[in-house]
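# Topology and contacts: notes
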Amino acid sequence: MEKYPGKKNIAVLISGRGSNLKSLIKYSNKKKSLIKIKLVISNNINAKGLEIAKKSKINNQYIKYSNKKNFENRSLKLLKKNKIDLICLAGFMKILSKTFIKKFSKPILNIHPSLLPKYKGLNTHYKVIKNKEKYSGATVHIVNKELDSGKIIIQEQVKILKSDNVETLEKKVLKIEHKIYPKAIIKLLTNS
Ligand code: GAR
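Read on for a plain summary of the structure. (Residues numbered from 1 in each chain as written. Predicted model: local features only at pLDDT ≥ 70, side-chain atom pairs only at ≥ 80, totals over all residues. Heavy atoms only, no water.)

When helices and strands are counted, the protein shows 6 helices and 7 strands. Overall, the protein shows an N-to-C arrangement of helices and strands of β-α-β-α-β-α-β-α-β-α-β-β-α. C-alpha extents for the protein along the principal axes are approximately 55 × 40 × 30 Å. Taking all 192 residues of the protein together, the buried fraction comes to 46%. Long-range pairs, those at least 24 residues apart, make up 62% of the contacts in the protein between residues at least 6 apart in sequence. Surface exposure of the protein reaches about 11,300 Å², of which carbon and sulfur atoms provide 53%. On the protein, the mean spot of the 44 positive side-chain charges and the mean spot of the 12 negative ones are 5 Å from each other. (Helix = DSSP H or I, 4+ residues; strand = E, 2+ residues; numbered from the N terminus. Buried < 20%, exposed > 50% of the residue type's maximum accessible area, 1.4 Å probe, protein only. Contact = heavy atoms within 4.5 Å. Areas by Shrake-Rupley, 256 points an atom, 1.4 Å probe, with all protein chains shown as cover. Lys, Arg positive; Asp, Glu negative; His and termini not counted. Charge placed at Lys NZ, Arg CZ, Asp CG, Glu CD.)

What follows concerns the pattern of salt bridges. Scanning the entire structure with this criterion turns up 5 salt bridges. The shortest N-O distance in the salt bridge between lysine 179 and glutamate 156 comes to 2.8 Å. Taken as a pair, lysine 179 in helix 6 (residues 166-190) and glutamate 156 in strand 7 (residues 152-159) lie far apart in primary sequence, 23 residues in all. A salt bridge links aspartate 164 to lysine 172, with the shortest nitrogen-to-oxygen separation between them at 2.5 Å. According to the relative accessible area criterion, aspartate 164 is buried, its value standing at 11%. Under the relative-accessibility criterion, lysine 172 is labelled partly exposed at 23%. (Salt bridge = Lys/Arg side-chain N within 4 Å of Asp/Glu carboxyl O.)

Over the atoms rolls a probe the size of a water molecule, and in doing so it shows where empty space is left. Size it by volume and the largest pocket reaches roughly 810 Å³. Lining the largest pocket are 34 residues; nearest its centre among them are Gly91, Phe92, Met93, Ile111 and Pro113. No other element matches the 4 residues that helix 6 contributes to the lining of the largest pocket. Considered class by class, the residues forming the lining of the largest pocket number 13 nonpolar, 14 polar and 7 charged. What the second largest pocket holds in volume is close to 240 Å³. In terms of lining residues, the second largest pocket is bounded by Ile129, Lys132, Glu133, Lys134, Lys159, Ile160, Leu161, Lys162 and Asp164. Residues belonging to the lining of the second largest pocket are distributed by class as follows: 3 nonpolar, no polar and 6 charged. (1 Å grid on protein atoms, 1.4 Å probe; cavity = no way out; pocket = protein on both sides within 12 Å on 5 of 7 lines; lining within 4 Å. Points joined across faces, edges and corners; volume = space filled by probe spheres on them. Nonpolar A, V, L, I, M, F, W, Y, C, P; charged D, E, K, R; others polar.)

That's the geometry; what it means functionally is another story.
And the structure:
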(Lines give C-alpha, C1' and ligand atoms only; values in the text may rest on other atoms or scores of the structure.)
Protein backbone atom coordinates (compact mmCIF):
# COMPACT_ATOMS: atom_id res chain seq x y z
CA MET A 1 0.00 0.00 0.00
CA GLU A 2 1.17 3.52 -0.73
CA LYS A 3 2.64 5.19 2.33
CA TYR A 4 1.22 8.62 1.53
CA PRO A 5 -2.13 8.03 -0.16
CA GLY A 6 -3.40 11.09 -1.92
CA LYS A 7 -0.47 13.26 -0.93
CA LYS A 8 1.04 15.53 -3.58
CA ASN A 9 4.67 15.03 -4.49
CA ILE A 10 6.68 18.16 -3.83
CA ALA A 11 10.17 19.19 -4.93
CA VAL A 12 11.90 21.99 -3.01
CA LEU A 13 14.55 24.02 -4.80
CA ILE A 14 17.10 25.74 -2.57
CA SER A 15 20.38 27.63 -2.74
CA GLY A 16 21.37 28.05 0.89
CA ARG A 17 20.42 27.88 4.56
CA GLY A 18 17.18 25.96 4.11
CA SER A 19 15.12 27.30 7.00
CA ASN A 20 12.00 27.38 4.80
CA LEU A 21 12.76 23.84 3.66
CA LYS A 22 12.87 22.88 7.34
CA SER A 23 9.43 24.41 7.94
CA LEU A 24 8.04 22.56 4.91
CA ILE A 25 9.51 19.26 6.15
CA LYS A 26 7.91 19.90 9.55
CA TYR A 27 4.54 20.43 7.87
CA SER A 28 4.95 17.42 5.56
CA ASN A 29 5.61 15.19 8.57
CA LYS A 30 2.19 15.98 10.03
CA LYS A 31 -0.25 13.14 9.62
CA LYS A 32 -2.81 15.33 7.88
CA SER A 33 -0.39 17.19 5.62
CA LEU A 34 -1.27 17.30 1.94
CA ILE A 35 2.28 16.83 0.73
CA LYS A 36 5.22 14.50 0.62
CA ILE A 37 8.61 16.07 -0.07
CA LYS A 38 10.13 13.69 -2.59
CA LEU A 39 13.07 15.72 -3.80
CA VAL A 40 15.34 18.60 -2.82
CA ILE A 41 17.50 20.21 -5.51
CA SER A 42 20.25 22.73 -4.83
CA ASN A 43 22.37 24.69 -7.30
CA ASN A 44 24.89 25.21 -4.49
CA ILE A 45 26.92 22.27 -3.24
CA ASN A 46 27.50 23.96 0.14
CA ALA A 47 23.83 24.71 0.83
CA LYS A 48 23.01 23.89 4.46
CA GLY A 49 19.59 22.84 3.23
CA LEU A 50 21.12 19.77 1.59
CA GLU A 51 22.18 18.57 5.05
CA ILE A 52 18.68 19.21 6.38
CA ALA A 53 17.23 17.08 3.57
CA LYS A 54 19.79 14.33 4.18
CA LYS A 55 18.94 14.21 7.89
CA SER A 56 15.27 13.82 7.00
CA LYS A 57 16.15 11.09 4.50
CA ILE A 58 14.81 13.07 1.57
CA ASN A 59 16.33 12.48 -1.87
CA ASN A 60 18.67 15.48 -2.21
CA GLN A 61 20.55 16.44 -5.34
CA TYR A 62 23.17 19.05 -6.07
CA ILE A 63 23.02 20.11 -9.70
CA LYS A 64 25.88 22.24 -10.91
CA TYR A 65 24.71 25.55 -12.34
CA SER A 66 27.21 25.65 -15.17
CA ASN A 67 24.51 27.26 -17.26
CA LYS A 68 20.75 27.71 -17.00
CA LYS A 69 19.84 25.28 -19.78
CA ASN A 70 21.94 22.45 -18.39
CA PHE A 71 20.70 22.93 -14.82
CA GLU A 72 17.07 23.15 -15.92
CA ASN A 73 17.19 20.11 -18.20
CA ARG A 74 18.76 17.95 -15.50
CA SER A 75 16.20 19.23 -12.98
CA LEU A 76 13.30 18.51 -15.35
CA LYS A 77 14.46 14.92 -15.71
CA LEU A 78 14.53 14.45 -11.94
CA LEU A 79 11.17 16.16 -11.50
CA LYS A 80 9.62 13.80 -14.04
CA LYS A 81 11.27 10.73 -12.56
CA ASN A 82 9.94 11.60 -9.10
CA LYS A 83 6.45 12.41 -10.42
CA ILE A 84 6.52 15.89 -8.90
CA ASP A 85 3.17 17.72 -8.76
CA LEU A 86 4.36 21.02 -7.32
CA ILE A 87 7.69 22.84 -7.01
CA CYS A 88 8.37 25.06 -4.02
CA LEU A 89 11.21 27.54 -4.40
CA ALA A 90 12.64 28.16 -0.94
CA GLY A 91 15.56 30.55 -1.05
CA PHE A 92 16.38 29.45 -4.60
CA MET A 93 18.41 32.35 -5.93
CA LYS A 94 18.27 31.66 -9.67
CA ILE A 95 15.58 32.75 -12.10
CA LEU A 96 13.79 29.92 -13.90
CA SER A 97 13.38 30.33 -17.65
CA LYS A 98 10.07 30.62 -19.50
CA THR A 99 10.91 27.30 -21.18
CA PHE A 100 11.35 25.54 -17.83
CA ILE A 101 8.03 26.90 -16.50
CA LYS A 102 6.26 25.80 -19.68
CA LYS A 103 7.89 22.36 -19.78
CA PHE A 104 7.16 21.60 -16.09
CA SER A 105 3.54 22.65 -16.70
CA LYS A 106 2.43 22.26 -13.07
CA PRO A 107 2.40 24.98 -10.39
CA ILE A 108 5.60 26.50 -9.05
CA LEU A 109 5.47 28.50 -5.81
CA ASN A 110 8.03 30.99 -4.52
CA ILE A 111 8.44 32.70 -1.17
CA HIS A 112 9.72 36.25 -1.22
CA PRO A 113 10.70 38.35 1.79
CA SER A 114 8.66 41.49 1.06
CA LEU A 115 5.12 42.68 0.59
CA LEU A 116 5.00 42.15 -3.16
CA PRO A 117 4.54 43.91 -5.56
CA LYS A 118 6.85 46.12 -3.50
CA TYR A 119 10.55 45.28 -3.37
CA LYS A 120 11.00 42.59 -5.97
CA GLY A 121 14.46 41.13 -6.47
CA LEU A 122 17.38 41.14 -4.06
CA ASN A 123 18.34 42.98 -0.83
CA THR A 124 14.74 43.62 0.13
CA HIS A 125 15.32 44.20 3.85
CA TYR A 126 18.07 46.72 3.16
CA LYS A 127 15.85 48.64 0.73
CA VAL A 128 12.85 48.54 3.07
CA ILE A 129 14.87 49.95 6.00
CA LYS A 130 16.53 52.56 3.79
CA ASN A 131 13.13 53.76 2.56
CA LYS A 132 11.86 53.99 6.17
CA GLU A 133 8.86 51.77 5.46
CA LYS A 134 6.47 51.20 8.35
CA TYR A 135 5.64 47.63 7.35
CA SER A 136 7.28 44.76 5.58
CA GLY A 137 6.41 41.07 5.35
CA ALA A 138 6.51 37.96 3.23
CA THR A 139 4.63 36.75 0.17
CA VAL A 140 4.04 33.34 -1.38
CA HIS A 141 3.20 33.60 -5.06
CA ILE A 142 2.93 31.54 -8.22
CA VAL A 143 6.03 31.73 -10.39
CA ASN A 144 5.46 33.10 -13.87
CA LYS A 145 7.81 34.47 -16.49
CA GLU A 146 8.14 37.87 -14.80
CA LEU A 147 10.33 38.05 -11.68
CA ASP A 148 8.36 38.03 -8.38
CA SER A 149 5.16 38.95 -10.24
CA GLY A 150 2.87 35.90 -10.32
CA LYS A 151 -0.47 35.57 -8.57
CA ILE A 152 -0.20 36.12 -4.82
CA ILE A 153 -1.44 33.18 -2.74
CA ILE A 154 -0.70 34.51 0.76
CA GLN A 155 0.88 37.58 2.21
CA GLU A 156 1.44 38.57 5.82
CA GLN A 157 2.86 41.79 7.19
CA VAL A 158 5.02 42.77 10.11
CA LYS A 159 5.48 46.19 11.72
CA ILE A 160 8.90 47.74 11.48
CA LEU A 161 10.11 49.44 14.66
CA LYS A 162 12.50 52.39 14.73
CA SER A 163 14.99 50.10 16.44
CA ASP A 164 14.91 47.52 13.61
CA ASN A 165 17.85 46.97 11.31
CA VAL A 166 18.41 44.58 8.38
CA GLU A 167 19.22 41.65 10.69
CA THR A 168 16.28 42.07 13.10
CA LEU A 169 13.88 42.63 10.20
CA GLU A 170 15.16 39.51 8.44
CA LYS A 171 14.51 37.48 11.58
CA LYS A 172 10.97 38.82 11.97
CA VAL A 173 10.12 38.23 8.31
CA LEU A 174 11.62 34.74 8.34
CA LYS A 175 9.34 33.81 11.22
CA ILE A 176 6.37 34.82 9.07
CA GLU A 177 7.77 32.93 6.08
CA HIS A 178 7.91 29.68 8.04
CA LYS A 179 4.28 30.15 9.04
CA ILE A 180 2.81 31.14 5.67
CA TYR A 181 4.55 28.72 3.29
CA PRO A 182 2.69 25.61 4.50
CA LYS A 183 -0.53 27.68 4.63
CA ALA A 184 -0.05 28.77 1.02
CA ILE A 185 0.43 25.16 -0.10
CA ILE A 186 -2.79 24.13 1.63
CA LYS A 187 -4.61 27.07 0.07
CA LEU A 188 -3.33 26.21 -3.40
CA LEU A 189 -4.05 22.51 -3.17
CA THR A 190 -7.52 22.88 -1.70
CA ASN A 191 -8.53 25.89 -3.83
CA SER A 192 -9.58 27.66 -0.64
C1 GAR B 1 14.23 33.65 2.55
O2 GAR B 1 14.12 34.86 3.24
C3 GAR B 1 13.49 33.73 1.23
O4 GAR B 1 12.31 34.47 1.30
C5 GAR B 1 14.52 34.44 0.37
O6 GAR B 1 15.74 33.85 0.74
C7 GAR B 1 15.67 33.42 2.09
C8 GAR B 1 16.06 31.95 2.15
O9 GAR B 1 16.16 31.51 3.46
N10 GAR B 1 14.23 34.25 -1.01
C11 GAR B 1 14.47 35.19 -1.93
O12 GAR B 1 14.95 36.26 -1.67
C13 GAR B 1 14.09 34.78 -3.34
N14 GAR B 1 14.26 35.86 -4.23
P15 GAR B 1 16.18 29.95 3.80
O16 GAR B 1 17.25 29.34 2.90
O17 GAR B 1 16.57 29.90 5.25
O18 GAR B 1 14.81 29.40 3.52
